[in-house]
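Structural overview for review
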Amino acid sequence: MKLSILYRVRVMLGQGIRAVGSQRVGWLSLPYEMNTGAEDGKTAWRGDIAVGTIRHNSPPAVPSAHHATIAEAAGKRYAPPPGVFILPIIGNDTVPHGRGGWCGLLVVRACGQGGSRGSSEVAPPVDAEAYMDYYWCRWPGRQSFLRSQVRPDLPYYFAGSEAARTRRRSTQISAHSLSWDVCNFVLVVLLVVLVLLCPVFVFFHYNHMADDVEQCRAILQECPPGSSLRPLSLYNLANSLRDRFEQNHALSDLDEAIELHRVALALHPLGHSLLSSSLNDLAVSLHSRFKQQGVLSDLDEAIGLYGAALALEAPDYSSRSSYLNNLAISHHDRFKQWGALSDLVEAIELHRAALALCPPGHPDRFISLHNLGMSLHDRFEQQGALSDLDEAIELYRAALILYPLGHPDRLSSLGHLAISLRVRFEQQGTLSDVDEAIELHRTALVLYPLDHPLRSSSLTNLANRLHDRFEQQGALSDVDEAIELHRAALALRPPGHSDRSSSLDNLAISLRARFEHQGVLSDLDEAIELYRDALAVYPLGHSDRFISLNGLAISLRERFEQRGSLSDLDEVIELHRAALALRPPGTPDRSMLYDRFKQRRALSDLSEVIELHRAALVLCPLGHPDRSKPLSNLASHPDRSTSLNNLAISLDDRFEQRGALPDLNEAIELHRAALALRPPDHPKLFTSFNNLAASLHSRFEQLGTPSDMDEAIELHQAALALCPPGHPDRSMSLNNLAISLQDRFEQLGGLSDLDEIIELNRAALALRPPGHPDRPLPLDNLAISLRARFEQRGVPSDLDEAIELHRAALTLCSPSHSFRPLSLNNLAISLHSRFEERGALSDLNEAIELHRAALALCPPGRSHRSSSLNNLASSLRARFKQQGSLSDLDEAIELHRAALSLFLPGHPDRSMSLNNLAISLRDRFEQLAALSDLDEATELHRAALALRPRGHPDRSMSLNNLAISLQAKFEQQNVSSDLEEAFMLYLQLPEVSHAISRGDLHAAKSWATSAEELNHSSALVAYQTTLKFLDQHIVVLSSSSRHFDAVRAATSSIAMDAFSCSVRNGVLTTAVELVEQGRAVFWTQLARFRTPLNDLSASGDDGQALAEEFKQLSFRLRTMLDALDASPEDRSSQIRQLTTQWDAVISRIRMLPAFSRFLLPPLFCDLQKAAEDGPVIIINASRYSCDALIVLSSRDPVHVSLDITQAEVSELTSTFQSLTTHAGISDHRTELNKIVGVLRKLWGRIVGPILQVLRKLIPRGSRIWWCPTAEFTLLPLHAAGPYEPKSHNFSHFYISSYTPTLAALIRARRQGSRDASAQHFVAIGQSRPDGAKELQCVTAEIDIVAQRVVPFCSFTSLADSDATVQGAFDALSQKQWLHLACHGMPNRQEPFESSFAMHNGPLMIRDIIRTRLQDPEFAFLSACHTTVGDKKSPDEAIHLAAAMQFSGFRSVIGSMWSVDDNVAGQIVSLFYDNLVDDSGRLDCKRAAGALHKAVKTLRKQIPFEQQIVFVHIGV
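This text gives an overview of the structure that appears in the document. (Residues numbered from 1 in each chain as written. Predicted model: local features only at pLDDT ≥ 70, side-chain atom pairs only at ≥ 80, totals over all residues. Heavy atoms only, no water.)

Observations concerning the overall build of the protein chain
Looking only at helices and strands, the protein chain has 57 helices and 18 strands in total. Considering the protein chain as a whole, with its 1515 residues, one finds that 57% of them fall into the buried category. Expressed as a percentage of contacts within the protein chain between residues at least 6 apart in sequence, the contacts between residues at least 24 apart total 68%. Working note: accessible area of the protein chain is about 60,600 Å², and carbon and sulfur atoms make up 53% of it. (Helix = DSSP H or I, 4+ residues; strand = E, 2+ residues; numbered from the N terminus. Buried < 20%, exposed > 50% of the residue type's maximum accessible area, 1.4 Å probe, protein only. Contact = heavy atoms within 4.5 Å. Areas by Shrake-Rupley, 256 points an atom, 1.4 Å probe, with all protein chains shown as cover.)

Structure representation (structure tokens):
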């Protein structure tokens, strides 16, 4: 989007650095040296003479005692040497700068001979002359002398002055050394005469001040070349000319002053006492001329002269701080011209040195504080270090404290502090800063009386700050007050006032702002008239005329947008052409021409901009720093790189309109050339990095060259490096880098990019806290990236957070906010995504309404209209799919057509638009059977696929969509080529090279479904591809319970269907591999962190090192995932970094011999090891078939076909679950008969056929392991039987155990048991948990366990109040054997919250799996429902028993439903009797047999459902 450039006229006090000593004030200190004829010829006396007038705010009418006191005190302070007399002079008269009392010192000497300084020779007598001296300071180190001849024949010397030690620094000069030789008698006479004539002399002098320059010229004429007074006369005339220049701005005066200073300087040889003063004054004059004419050579020479003057003075020179200040200001000015940060750094150091010479109490301290603050402020504006701005504010505060109430400079100090606070607010968004700035301006306004000439400026300052606060907070009271203040300021600036035009502009700006907020056209009309009035005030050629031209143009364009009058838009262009004429040759505001292009599609406007920039570039030859200054409207620094940049940007714009790659290529080269001209410390380097990156990004979108995008990202990273924490542009830079990474992700699908994007967006948002005006943008950007991650990984929390962020952003966008259409659109998209995920129609309806609102804000011609059309269409289609309203579908199709017409060839979103229209047409074909819709959909899908080459992240989607349309055509027309083409498309899916997304997985599942339905030979390949994709997709999901929903959605029934397909195709070993690969994937992922590394460590030094590295990274990554479960904080960035390192180690391990399949899905030969102690029976339920495979240790699997369908298994499961809901509580015979009925069906259709095969393979009494899938996991296969007289149930033949997967059983077998002497047993019993029913038999059960195991191992028990969550954790971490008697609390909706009820709360699965246990062996879970898992995905086996197995327990006893508290103790007693082997040690491998025997013994003593409630899992 193009943004209007708002030029606001600001009238502020003290915008620049204030020079020291800018006012005429009272005392002057003159350094005075004298030789009294001492024998050694050295200076006998040196000191200061204080002379001049004292000005009072309320001067007395007659000389006061105060005057006399001051003068007498000064006379006593500067004790004269012999032969010199100082007398106080007091009077009252009109002085040149105003009325007031005055006093002076009379310095008297007699004509005679005296020794010259440094020589013992007698010097000739000095001509007797009398002078009256006046001195004042305007710039640092600047001296002005006015000498008026009185009586040349009188032997006396009088000095007077107007500069102050008490209010400004003392600028010092050297007076001539005078030799005196008088007789006492003559001296007495002369003193009497002087006292009598002094008032006459003073009156004579004040009446000749009318023309100081002419007086100085006359004095110079009386000092011919060679005269000892000629240098001083030249010096005085030069300063008088400079003073007159400051009054009338005649450059001829300043030029003459410079030449006179040069002549005077030439008369001062090295060592002369006035040399440093002459150097300094010439520097001041050159500096002044630079300020007027901008000739950099003047400034360079001034800097050199200032430095030379400073070098001549000793470190303890009283005015050294002034010299340092002058040099600092000059460096600062040169920085403003050249942009060299070295000058600014030098200025800051010099100001710091000056401040160090002005300790607390020094009269000039506030000046140094102020100047250092200004330099630091400017460095902040260049480098963005908030520490500089903070320090500047503190310096301004310190300076303000030194200004007492009523001080004339307090107003300026208030203004500077207010300005810096406003700037800090703009950077950090802290409202207290802008509030304080407003209060400072209010304070300043109170100090200005109604008739003060600067009151209008103070009104303007306050109005502007109120306007700023309005822009941030939107409080109409602020803008209303600002308007009234601007009106008041305008009233104080009547026609003819120099600032009237700026007041007109300011009032217009605030009125336009109120219009934008309230939409009252009268405000806009008045603003336009005010801008016109301002233009009428500015004469043609005025430098500020451009401001009003631009403001009027913006207002007219806004009125055009309201009323649509093209005459307004035409006038906009003409106004900018007028602005161009003010700075020939130059460029108009290119955004205005571009706006007209958008309205009329006249590319001539854009072409004209390009030609103007080319002309500007021609005027900037290589190496020339200045020539482009009037040509640039995009950057303030005048150099060739700016013109290169401007032309490149215009070419970028034309490329966006025409799509001509030569324009884009040229823009890139120009941006590179501009970047090459900007060294590392160039203030615009950041801009060059960003602009070149943007152009490379555009070319990547066109050509898809990865190197372009990679370079763009590197450039954005370089730009970010230039914005350290605290930099005002850091948020923008974070945002730019995030956008580029997002685009690369969308093109290439790099999931690591996505995590980094989210991290960058979170960082950018943190820099825009609540209340910051730019907060909506980072809120939306973070939300978009979270939604993208949800679309890839399916984690619901990401989508929920995205919606909340979008809502927050929308709340901050008022109805007139330019960002509101995008904010509406983004929220709607996320709501649509949540509807697709959860099916809540309210989300979809809200999304549709939001899309309609966004579309209404994007009329034809707006850049985002195409996206709004597309998004509304997609939501309407979704509602059609939900409710079946054809009107929704028809509207969606028309909207998609309109969107496609705006996505021209070459647009990066065209493929998406083609795809969406095609899908909607196919939907309509399915409703109305119009083949034309299907044919068009097919062609559109072909076109979309052509725009998504290999490597594109959405290619899988296009392959799938086109294949589905071709299948539909085959079903309609039975053309075999359509079907063949469809599956040829599917066969391209395994070629995916990027990180697997949900879209890729969906396409592979669609392939498998299509192959099954059409009985295509590629079905098995489709399943293998799908499970390969599944494994890769699950890897990118962190193994955290927070991501389980995504895991559950990804797995679905694919493993069971793949098993069925493999069996039907006769590849039984593949069936075992595939079903193992696609089940219990959550546990499989977690188990990777605990992979045994003994073999790897023993393989050699490399293996040992890699094993240690893998172990450390696994621990760190697992710890991070545990923290993710415990805290809502997003740790994606840290997890991504650790995962990358972990994957790299795995890759290196796989390069070792014998470890090529390290952590890869196991092959059948590895899985077969699970059957070493007995066969494992996989029972599978799929919609295509139900089968069993008996896995044996020494041969291929044996297939058993089951005569049952998946639907029948589901019905059987549902029936049994309802029967066991109250098991353990009810003893009704009816329910028992129903349970037995289910077990008979299990026997007849499932377990009986399997038993027939088993009896041929293994002897009776052997152990077997059930490995059920899908609905079979909820059925008691071990309890199946005919339950008839003279018949045997399955338990009569074999001892049953269960295992979630073959790999889990293999892992349990690999863990070796400890030596018997190290066995530790803990029994935990909780009979009275908080908020649950009391279990009366738990205590007795714990006692039974103790009686049985104490003889064989160390035993600990925790009961009731001791059985806390922490107590249980502590026990588990130290003991290998566990008996747990308590309530089991299953949670089938949130399975990780399933828990054991402890004294102080639940011990949940999510807590158990984070526990690090020491070689656990066995756990008896005497609690209800410990093998009941997630209702939606039973194959993931997320239940309490599985959690204990994963935590390391090799053998676990769990329950399938409720356990009877009265019965549990009986089973436990017999169980532990059988758990001890012949050697007297506990053996967890005996657990299955011990349970089998205990139940068999109690068969006639306990309820039937309690006989079969417990099952064994593991070894």
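The discussion continues.
Description of empty space enclosed by the protein
Across all of its chains, the model carries nine cavities of 30 Å³ or more by this definition. Considered as a void within the structure, the largest cavity measures approximately 260 Å³ in volume. Taken together, 17 residues form the lining of the largest cavity, with Pro1268, Thr1273, Tyr1298, Thr1427 and His1439 sitting closest to its centre. Here the residues of the lining of the largest cavity are counted per class, giving 10 nonpolar, five polar and two charged. (1 Å grid on protein atoms, 1.4 Å probe; cavity = no way out; pocket = protein on both sides within 12 Å on 5 of 7 lines; lining within 4 Å. Points joined across faces, edges and corners; volume = space filled by probe spheres on them. Nonpolar A, V, L, I, M, F, W, Y, C, P; charged D, E, K, R; others polar.)

Some thoughts on the side chain of Arg455
Positionally, Arg455 belongs in helix α14 (residues 455-473). Lacking a salt bridge, the buried Arg455 has Asp451 as its closest oppositely charged neighbour, with an N-O distance of 8.2 Å. Polar contacts involving the side chain of Arg455 include one to the main-chain carbonyl oxygen of Leu445, which spans 3.4 Å. (Lys, Arg positive; Asp, Glu negative; His and termini not counted. Salt bridge = Lys/Arg side-chain N within 4 Å of Asp/Glu carboxyl O. Polar contact = N/O pair within 3.5 Å; in protein donor to acceptor, adjacent residues only side chain to side chain.)

Focus: the side chain of Ser276
For Ser276, the position within the fold is in helix α6 (residues 275-293). Under the relative-accessibility criterion, Ser276 is labelled buried at 4%. One polar contact links Ser276 to Glu313, side chain to side chain, over a distance of 2.3 Å. For Ser276, the contacting residues outside a window of four places in its chain are Ala309, Leu312, Glu313 and Tyr323.

Observations regarding a nonpolar patch on the surface
Judged by side-chain polarity, Met984, Leu987 and Val1021 come together as a nonpolar surface patch covering roughly 260 Å² of accessible area. Looking at where Val1021 falls in the secondary structure, it is placed in helix α39 (residues 1019-1036). You can call Val1021 partly exposed: its relative accessible area is 37%. (Patch = residues over 30% accessible without salt bridge, like charges linked within 9 Å, V, L, I, M, F, W, Y side chains within 5 Å.)

Side note on the pattern of salt bridges
All chains considered together, the criterion is met by 59 salt bridges. Where Glu259 meets Arg262, a salt bridge forms, and the shortest distance between an N and an O atom there is 3.9 Å. Here Glu259 and its partner Arg262 are both found in helix α5 (residues 251-266), three residues apart, which amounts to about one turn of the helix. With a relative accessible area of 44%, Glu259 lands in the partly exposed category. Residues Arg1450 and Glu1417 are paired through a salt bridge, measuring 3.4 Å at the closest nitrogen-oxygen approach. Note that Arg1450 is positioned in the loop between α54 (1440-1446) and β17 (1451-1455) and Glu1417 in the loop between α53 (1405-1408) and β16 (1418-1422), a separation of 33 residues in sequence. Residue classification places Arg1450 among the buried residues on the basis of a relative accessible area of 4%. Several salt bridges converge on common partners, so that one network encompasses Asp800, Arg834, Arg838 and Asp843.

Notes on the packing of aromatic side chains
Aromatic ring pairs are defined here through the distance separating the ring centres and the angle between the ring planes. Following the criterion strictly, the structure yields 19 aromatic pairs and no others. Where Phe1110 meets Trp1142, the ring centres are 5.6 Å apart and the plane angle is 25 degrees; that geometry is what we call stacked. One end of the pair, Phe1110, is in helix α45 (residues 1101-1126); the other, Trp1142, is in helix α46 (residues 1132-1150), with 32 residues separating them in the sequence. Judged by its relative accessible area of 1%, Phe1110 falls in the buried class. Their ring planes at 65 degrees and their centres at 5.4 Å tell us that Phe1420 and Phe1510 sit as a pair that is edge-to-face. Of this pair, Phe1420 sits in strand β16 while Phe1510 sits in strand β18 (residues 1510-1514); the two residues are 90 residues apart in sequence, bridging distant segments of the chain. Phe1510 carries the same exposure label as Phe1420, and that label is buried. (Phe/Tyr/Trp six-rings, centres within 6.5 Å; stacked < 30°, edge-to-face > 60°.)

Here's the deal with the sheet that holds strand β13 (residues 1384-1385)
Spatially, the three strands line up as an open sheet ordered β13-β14-β15, and their pairing is antiparallel. Each edge of the open sheet is held by one strand with a lone partner, namely β13 and β15 (1401-1404). Across two bridges, the pairing between β13 and strand β14 (residues 1395-1398) is antiparallel. Note on β14: the bridge partner recorded for Gly1384 is Phe1396. This element, helix α52 (residues 1365-1372), spans β14 and β15 of the sheet and lies at about 35 degrees to β15. (Pairing = 2+ DSSP bridges. Axes fitted to C-alpha atoms, helices over the stretch in contact; angles between N-to-C directions.)

A short note on a positive patch on the surface
The grouping of Arg1255, Arg1260, Lys1496 and Arg1499 at the surface amounts to a positive patch. On the secondary structure map, Arg1260 appears in the loop between α49 (1229-1257) and β8 (1263-1268). (Charge placed at Lys NZ, Arg CZ, Asp CG, Glu CD.)

Here we look at the environment of Asn1387
Residue position: Asn1387 is located in the loop between β13 and β14. With 38 residues separating them in the primary sequence, Asn1387 and His1425 have C-alpha atoms 9.8 Å apart. For Asn1387, the contacting residues outside a window of four places in its chain are Glu1393 and Ser1394. One polar contact links the side chain of Asn1387 to the main-chain amide nitrogen of Gln1389, over a distance of 3.2 Å.

Observations regarding unusual backbone geometry
Backbone geometry at Ala929 places phi at a positive 60 degrees, although glycine is not the residue there. Tracing the backbone shows Ala929 in the loop between α34 (910-928) and α35 (931-946). One non-glycine residue, Ala1437, lies in positive phi territory at about 50 degrees. Structurally, the position occupied by Ala1437 is in the loop between β16 and α54.

Details of the packing of helix α11 (residues 386-402) against helix α12 (residues 410-428)
It is at 9 Å that the axes of α11 and α12 come closest, and there the two elements cross at 155 degrees. It follows from the interaxial angle that α11 and α12 lie roughly antiparallel. The handedness of the crossing between α11 and α12 is left-handed. Taking contact as the criterion, the partners of Leu386, Leu389, Asp390, Ile393, Tyr396, Arg397, Ala399 and Leu400 in α11 are, on α12, Arg410, Ser413, Leu414, His416, Leu417, Ser420, Leu421, Val423, Arg424, Gln427 and Gln428. Residue composition of the contact of α11 with α12, grouped by class: 10 nonpolar, five polar and four charged. (Parallel < 35°, antiparallel > 145°, perpendicular 65-115°, else oblique. Left-handed = near helix turned anticlockwise from the far one by under 90°.)

Details of the nonpolar core
Core analysis: the largest hydrophobic core is formed by 162 residues, its most contacted members being Trp1083, Ile1250, Phe1396 and Phe1471. In terms of residue count, α49 provides more of this core than any other element does, 13 residues in total. When neighbours within four sequence positions are excluded, Phe1396 is seen to be in contact with Leu1380, Cys1382, His1383, Gly1401, Pro1402, Leu1403, Ile1408, Leu1421, Ala1423, Thr1426, Leu1440 and Met1444. (Core = buried A, V, L, I, M, F, W, Y, C linked by side-chain atoms within 4.5 Å.)

Topic: the pairing of strand β9 (residues 1295-1298)
Both faces of β9 are covered, namely the face carrying Ile1295 and Ser1297 and the face carrying Ser1296 and Tyr1298. Judged from the four bridges that link them, β8 and β9 form a sheet pairing that is parallel. Bridge pairing links Trp1265 to Ser1297 in β9.

Examining helix α28 (residues 776-793)
For α28, which comprises 18 residues, the first-to-last C-alpha distance of 26 Å matches the rise-based estimate of 26 Å (1.5 Å per residue) to within 8%. Where burial is concerned, most of α28 is hidden: 15 out of the 18 residues are buried. Directly after α28, the chain includes Gly794, whose backbone phi takes a positive value near 75 degrees. (Expected span 1.5 Å × (residues − 1).)

Points about the packing of helix α36 (residues 955-973) against helix α38 (residues 998-1013)
Two elements in contact, α36 and α38, have axes separated by 8 Å at closest approach and are oriented at 25 degrees. Our classification of the angle between α36 and α38 gives roughly parallel. Here the hand of the crossing between α36 and α38 comes out left-handed. Here Ser956, Asn960, Ile964 and Gln967 of α36 lie close against α38, whose contacting residues are Asp1000, His1002, Ala1003, Ser1006 and Ser1010.

Purely spatial values, then, with no claim about function.
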